[in-house]
Amino acid sequence: MNKPAELNSFRSGPDESGMFGIFGGRFVAETLMPLILDLEKHWNEAKNDPAFRAELDNLGKHYTGRPSPLYYAERLSEHLGGAKIYFKREDLNHTGSHKINNCLGQILLAKRMGKTRIIAETGAGQHGVASATVSARFGLPCVVYMGATDVERQKPNVFRMNLLGAQVKPVSAGHGTLKDAMNEALRDWVTNVEDTYYLIGTAAGPHPYPEMVRELQSVIGIEARAQILEQEGRLPDAIVAAVGGGSNAIGLFHAFLDDRDVAIHGVEAGGHGLQGDEHCASMTAGRPGVLHGNRTYLLQNEDGQILDGHSISAGLDYPGVGPEHSWLKDSGRVTYTPVLDEEALEAFQLTTRIEGIIPALESAHAIAEAIKLAPKMGKDQIMIVNFSGRGDKDVHTVGKMLGMEI
Amino acid sequence: MTTRIDRRFARLKEENRPALVTYFMGGDPDYDTALSIMKALPEAGSDVIELGMPFSDPMADGPAIQAAGLRALKSGQTLRKTLQMARDFRTGDDDTPIVMMGYYNPIYVYGVERFLVDAKEAGIDGLIIVDLPPEMDQELCVPALRAGLNFIRLATPTTDEERLPTVLQNTSGFVYYVSMTGVTGSALPDTSRVSGAVKRIKEHTDLPVCVGFGVKTARQAKAIGEAADGVVVGTAIVAAIAQCYDPEGKQLADPAEAVATLVRGLADGVREARLAPAR
């Protein structure tokens with residue numbers, strides 16, 4: 001479906017109404033519509049303003065620590081006996097994940113728009129921490145909505161947000177995960193329209209969020225592309241990233257979309273397997289639908305009710321995906337495959353033991369796919385994996401899975 | 001082409017009184033009870049029925065309607081059954097307008113063309129779809145108008161003078177003015193501000209303007225009804241149904257009777273709205 005006949009570029013979307021083919025759009029209540037149009041106007045001005053760009057680059061360099069290294073994972077590559085694996089080290093960013101890239105851009109925009117209150121939703125807590133961080137840095141009050149289940153399994157991040165001065169509001173509706181947190185954040189926004197900026201953490205939601213978050217995260221791919229050209233003298237054969245909402249993935253992928261010889265792999269959360277409902281593989285096992293302001297692939301029943309899904313990784317525990325990924329799937333440019341909880345857990349342990357780097361469980365999904373792909377590739381081939389975040393936040397979850405008390 | 005909605009508002013204009021528009025959730029707490037509630041509404045004084053379609057992720061609704069939707073889904077309600085409820089209602093009432101209200105995804109998944117055929121056949125007169133602003137009119141609004149259904153749009157306090165014509169462009173049946181920013185069931189702002197907003201909208205359209213979000217009592221209904229062509233009550237009805245059950249789900253009172261009592265009071269309120277000269 002929706003397969004474009006002949007595309008000059010995979011990098012030109014979305015169109016003026018925020019559509020990537022049939023995906024994306026602005027499916028929001030009328031109360032929010034004027035706000036979204038206003039946001040789009042300010043974003044279009046800001047992204048073309050050299051002063052905005054310069055401030056963002058300056059913060060990226062001195063606050064976040066960009067560029068993040070492109071690290072050759074020599075021992076993992078040798079262990080697998082195939083392609084050379086490089087990690088794009090977003091885990092080394094300030095706050096420990098790629099989320100800060102997006103938050104810095106959006107808080108500068110919020111300031112520009114004269115907004116005085118920040119709200120955000122979070123799953124694993126990485127976006128919540130990044131939102132709380134930039135709110136502290138720019139002196140704005142911040143409320144983070146977080147599913148009650150996630151509050152429980154990501155306690156260290158909840159504490160970090162509190163330390164940073166943010167108020168964390170647990171949401172007990174549904175399964176108490178990211179989807180429910182996003183509903184509650186939207187309810188807050190629709191109530192506090194005058195002063196509040198909604199800092200969405202992933203490349204989803206109503207236009208212009210998917211495009212804006214992609215642009216702010218695309219620094220990952222732009223750097224990685226330049227770094228691999230410098231280190232290897234050529235482009236990679238494959239790039240891999242985990243996809244929940246899909247912001248780290250689209251951030252890596254976007255710079256490579258028109259390099260047709262680079263195979264692109266998105267990794268979905270396969271949970272306990274695709275045969276039941278215990279997974280979050282919306283593109284592999286879902287159908288197009290409308291939720292949270294955009295049309296995209298969703299896990300849903302035949303009546304159009306959204307399912308809760310499951311993943312070991314709170315950051316991937318979302319029944320939808322950013323609309324650009326849905327479009328890239330249908331256009332055939334990106335291959336999306338599920339990875340099971342247990343495969344991610346093995347990748348987590350292997351990477352920790354032989355590279356001395358603890359990956360976030362989200363990133364462990366991407367590494368698990370690399371572990372499958374690399375041995376099938378030649379030793380002269382190159383693969384880049386987006387190491388989107390560090391795994392310190394996950395040691396409790398992993399400990400529990402391995403039957404250890406921490 | 002006139003619909004039941006057009007005819008109803010024309011009649012009320014002759015009677016010089018505002019409409020009482022009542023919302024309830026299809027399938028809450030179960031199909032049969034919800035149908036008995038629906039059937040009790042016209043006799044209790046409801047002029048227009050809003051039939052809620054449950055959705056798993058009701059982003060614009062407050063706690064009461066969220067809970068009602070979950071109860072309905074838990075009892076097995078689907079869009080197909082909500083259409084059936086309208087069909088069952090129509091066997092005994094061919095006059096009272098029915099407006100289906102909810103979110104887009106269940107309709108999108110059902111299939112827009114098939115839905116419009118089935119809705120028309122079931123006796124549905126209009127649609128209110130919360131997450132379809134004018135920017136998405138090609139999705140459902142335009143096909144619905146073509147199929148002879150009214151598409152009722154929400155205007156809100158954030159809909160400014162410049163945007164109002166866009167919002168009104170493809171609206172038919174009536175305009176639903178949401179009296180505040182926020183989710184359903186929050187507190188009602190002062191009525192003079194609401195009256196001002198209604199007057200502002202009426203400068204742009206000849207359609208009836210109904211006001212909702214936050215109306216709970218007969219007194220509020222009366223005050224709002226002085227300026228508006230209709231008063232929408234939803235959360236108060238849904239809450240009255242919920243109060244008929246204890247936390248374990250055991251029935252304490254007859255929900256159809258509880259709703260009828262509430263609606264009778266509200267209907268008295270709207271009937272008094274125009275008796276005194278508008279202040």
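The model shown is predicted, which means the values in this text are computed figures rather than measured ones.

Basis of the calculations
- Residues numbered from 1 in each chain as written.
- Chains lettered and ligands numbered in written order.
- Predicted model: local features only at pLDDT ≥ 70, side-chain atom pairs only at ≥ 80, totals over all residues.
- Heavy atoms only, no water.
- Helix = DSSP H or I, 4+ residues; strand = E, 2+ residues; numbered from the N terminus.
- Rg over C-alpha atoms; globule rule 2.2 N^0.38 Å.
- Buried < 20%, exposed > 50% of the residue type's maximum accessible area, 1.4 Å probe, protein only.
- Contact = heavy atoms within 4.5 Å.
- Lys, Arg positive; Asp, Glu negative; His and termini not counted.
- Charge placed at Lys NZ, Arg CZ, Asp CG, Glu CD.
- Right-handed = clockwise from strand over helix to strand, strands pointing away.
- Pairing = 2+ DSSP bridges.
- UniProt positions renumbered as here; feature names shortened; annotations may be inferred.
- Polar contact = N/O pair within 3.5 Å; in protein donor to acceptor, adjacent residues only side chain to side chain.

## As for the overall build of chain A
- Looking only at helices and strands, chain A has 16 helices and 14 strands in total.
- Relative to a compact globule of 406 residues, whose C-alpha radius of gyration would be 22 Å, chain A shows 19 Å and is just as compact.
- Its C-alpha atoms put chain A at 55 × 55 × 50 Å along the principal axes.
- Across the 406 residues in chain A, those meeting the buried criterion constitute 66%.
- The contacts of chain A with a sequence gap of at least 6 include a subset with a gap of at least 24, amounting to 74%.
- Charged side chains of chain A number 39 positive and 51 negative; the gap between the two group centres comes to 3 Å.

## Some words on the environment of A:Ser77
Residues and elements named next belong to chain A.
- Within the fold, Ser 77 resides in helix α3 (residues 74-80).
- For the pair Ser 77 and Ile 371, spaced 294 residues apart in sequence, the C-alpha separation works out to 8.9 Å.
- Ignoring anything within four residues of it in the chain, the contact list for Ser 77 reads Tyr 72, Gly 82, Ala 83, Lys 84 and Ile 85.

## Digging into the pairing of strand β10 (residues 263-271) of chain A
All names here are of chain A.
- Of all the nine residues making up β10, eight are buried; the element is thus mostly covered by neighbouring parts of the structure.
- In this fold, strand β9 (residues 238-242) hands off to helix α11 (residues 247-253), which returns the chain to β10; that crossover is right-handed.
- Two strands pair when backbone bridges link them, and β10 and strand β13 (residues 334-340) are joined in this way by seven bridges, in the parallel orientation. Bridged to Gly 271 within β13 is Leu 340.

## Let's talk about the UniProt feature "modified residue: N6-(pyridoxal phosphate)lysine" (unreviewed entry) in chain A
Residue and element names in this part refer to chain A.
- The UniProt entry lists Lys 99 under the feature "modified residue: N6-(pyridoxal phosphate)lysine" (unreviewed entry), expressed in the numbering used here.
- Within the element layout of this structure, Lys 99 appears in helix α4 (residues 99-112).
- Contact partners of Lys 99, with chain neighbours within four places excluded, come to Gln 126, His 127, Ala 130, Gly 201, Thr 202, Gln 217 and Ser 247.

## Quick notes on the environment of B:Ile37
Residue and element names in this part refer to chain B.
- Structurally, Ile 37 is set in helix α2 (residues 31-44).
- Here Ile 37 falls in the buried class, since its relative accessible area comes to 1%.
- Separated by 11 residues in the primary sequence, Ile 37 and Gly 26 place their C-alpha atoms 9.6 Å from one another.
- Excluding residues within four positions of it along the chain, Ile 37 makes contact with Phe 24, Asp 28, Ile 241, Pro 255, Ala 256 and Val 259.

## Side note on the side chain of A:His98
All names here are of chain A.
- Tracing the backbone shows His 98 in the loop between β4 (84-89) and α4.
- Judged by its relative accessible area of 6%, His 98 falls in the buried class.
- A distance of 3.0 Å separates the side chain of His 98 from the side chain of Ser 247, its partner in a polar contact.
- Once residues within four sequence positions are removed from consideration, His 98 is found in contact with Glu 90, Asn 93, Gln 217, Ile 220, Ser 247, Asn 248 and Ser 388.

## What about the pairing of β9(A)?
Residues and elements named next belong to chain A.
- By the criterion of burial, β9 is predominantly enclosed, with five of the five residues buried.
- Burial along β9 is two-sided: the residues Ala 238, Val 240 and Ala 242 and Ile 239 and Ala 241 are all buried.
- Taken together, the five bridges between β9 and β10 define a ladder with parallel strand orientation. From the neighbouring strand, Ile 239 faces β10, where its bridge partner is Ile 264.
- Note: β9 against strand β14 (residues 382-387), three bridges, orientation parallel. Bridge pairing in β14 places Ile 239 opposite Ile 384.

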